[in-house]
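# Tertiary structure, described
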Amino acid sequence: MRITLSNSKVLLIVGIYRPPSGSLAHTRQALEILAEILDLLPTNNNSHVLLIGDKNINDLESTTERSMLNELLASFSMARIQLPPTRITPTSATSIDAVCTDLNLDQVTVRVVATGISDHTGQLCSLQLTISLKKPTIVSRRITNLTNLTQLKNRLALESWDHLLGCSDTNDAYNNFIATVTLILDLTCPPRKSRSGRNKRREIFCSEEVRELKRRFLEANNQYLLSGGHGDRIRANTLKKSYDLKLKELRRTFNSNHISTSYNKSKAIWDVINCERNPNKVPQTEIKSLSVDEVNITDPDDIASCFNQFFVDIAEKTLQSSAVASSHSPPTPTVEEVYNGLVKLNEFTATNEAELVRTIDSIKQNPSVGLDEISSRMVKFCKEELLVPLVHICNLSFQQGCFPSKLKVAKVFLLHKRGKQEDMGNYRPISFVPTFSKIVEKIVITRLFHHLNINGLLTKCQHGFMKGRSTLTGWVELLEDIIDNIENGYSFSGIFVDMSKAFDCIGHELILSKLSFLGINGRALCWFSDYLEDRS
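These numbers were taken from a predicted model, which means no experiment stands behind them.

A word on helix 14 (residues 435–454). The terminal C-alpha atoms of helix 14 lie 29 Å apart, and with 20 residues this matches the ideal 28 Å at 1.5 Å per residue to within 8%. Of the residues making up helix 14, those classed as buried are Thr435, Phe436, Ser437, Ile439, Val440, Glu441, Ile443, Val444, Arg447, Leu448, His451 and Leu452. With its phi angle positive at about 60°, Gly456 sits one or two positions after the end of helix 14.

Moving on, we get to the confidence of the model for the protein chain. Of the residues in the protein chain, 92% have a pLDDT of 70 or more, and the chain-wide mean is 86. Ranking the helices and strands of the protein chain by mean pLDDT puts helix 13 (residues 383–400) first, with 96, and helix 10 (residues 335–338) last, with 55.

This brings us to the pattern of salt bridges. Taken as a whole and judged by the stated rule, the model has 18 salt bridges. Notably, a salt bridge pairs Glu65 with Arg18, separated by 3.7 Å at the nearest N-O pair. Pair noted here: Glu65 is in helix 2 (residues 64–75) and Arg18 is in the loop between strand 2 (10–17) and helix 1 (24–40), with a separation of 47 residues, a long-range link. Side by side, Glu65 and Arg18 carry an identical accessibility label, which is buried.

Let us now look at the sheet that holds strand 1 (residues 2–4). What the five strands build is an open sheet, ordered 1-2-3-7-4; its pairing is mixed. Two strands in the sheet have a free side with no partner beyond their single neighbour: strand 1 and strand 4 (79–80). Sheet analysis places strand 1 next to strand 2, joined by three bridges and oriented antiparallel. Residue pairing for strand 2: Ile3 is matched across the bridge by Leu11.

Moving on: the side chain of Thr101. Along the polypeptide, Thr101 turns up in strand 7 (residues 97–101). Among the polar contacts made by the side chain of Thr101, one reaches the main-chain amide nitrogen of Leu103 at a distance of 3.0 Å. Excluding residues within four positions of it along the chain, Thr101 makes contact with Val49, Leu50, Ser77, Met78, Ala79, Ile81 and Val108.

About the cut-offs
Residues numbered from 1 in each chain as written. Predicted model: local features only at pLDDT ≥ 70, side-chain atom pairs only at ≥ 80, totals over all residues. Heavy atoms only, no water. Helix = DSSP H or I, 4+ residues; strand = E, 2+ residues; numbered from the N terminus. Expected span 1.5 Å × (residues − 1). Buried < 20%, exposed > 50% of the residue type's maximum accessible area, 1.4 Å probe, protein only. pLDDT = per-residue confidence, 0-100. Salt bridge = Lys/Arg side-chain N within 4 Å of Asp/Glu carboxyl O. Pairing = 2+ DSSP bridges. Polar contact = N/O pair within 3.5 Å; in protein donor to acceptor, adjacent residues only side chain to side chain. Contact = heavy atoms within 4.5 Å.

This is the structure in structure tokens:
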């Protein structure tokens, strides 16, 4: 572990363990490995080392092993701090745990603590050092607790929406709607400044019952250390097992509650897994520098601009670098040449409050927000109060073949995939679109799928983006087909294609021509065209 101290100095904390062995040759080999480790550490006035762990070399007896360890430490300007017995049994008391450092010994204090967790005592090491603290980033967040959301719901219920219902233009209607909602949101759920990037410490697994079990075990263990009796040993071991089982039960309960009460179950599960793997790991939340054309960029605005331009140009660059990119598309057959009796979709049918309620209920509840700072949790909580304006906006959008411009702006979050954090190519963008955009999209999808189904335009081989189907059902169907053909004596071969930046490289013209080919025309096609245009 590396800790940054004041004046650009660092403290390196190294934990080691040496298995017990009575062989002097084994000790020499272990100390040679320790010397190799210490050689790798920087040796200068700006770096200090704290070496801790179970060395299994008793510091209370003058032995050859003890002398060899002290001589090795002295060669690196380090010393072992003298400790009282750290492992006590009815027949022995040894100090085999060690704290070694090149710091001034006046700056280090070590206290031995009986924890009851192991047959070794704990060593609580305190350092009198000055560390440099990172200046916290202050961000503004809305407080969306139950009280504030209830106030938001009550205030929205008083709104008449007459000014919105009189609008005949989609953009005017939505602009009036979002302005009103934002004003009420500022009054009921005002933003509050808070620190960003603070470590979320896991809850301590402790209770009165655990403290009592620990106290009883320590008393029984002390009695065993004094008497050495077989009965006292069995009693201490039994109490220790009860103590350990209770700690495990509390940990399981905490993790289960954390997952069950989380909005995002998958994220909560990975939080638990990652905490167990590395409880001290802090996720990267801020990109401090970026390397562009061998120039190091540190200004946050410049970093954002570089990422923005990089993702805007990535599709064109991908197509240019592709050896199979075609400069023209083959002629597309007309609908009449392929489908006879195709029922065309010229405009979307109007929605109503009942459909809107079902749509809002189907949206996953999570706290993430777009630029409008309105989460799906807020919308689901206040859905009854928002039905009238949303129905009007959706129907205006369908009638005019127009998608509200303010819903075309996405907030982009960068997810680091692999490799160096200074390389833009190692990031994947995740777009947070407004929740109201998701609602309109879901309503349009129901109409699009209805059109495709009644015309029989969906192949049974389609597994992606289909209700009740997934990559798993696709693999099952493929494997069953392979097995059936093998049993019939046939051979098979497969071609697997991974398209680079597949969704980024699909041109809008191709999408619209595909929709037209499938019988979507008129205002319905205009709606899709407007939906794709002028996004940012």
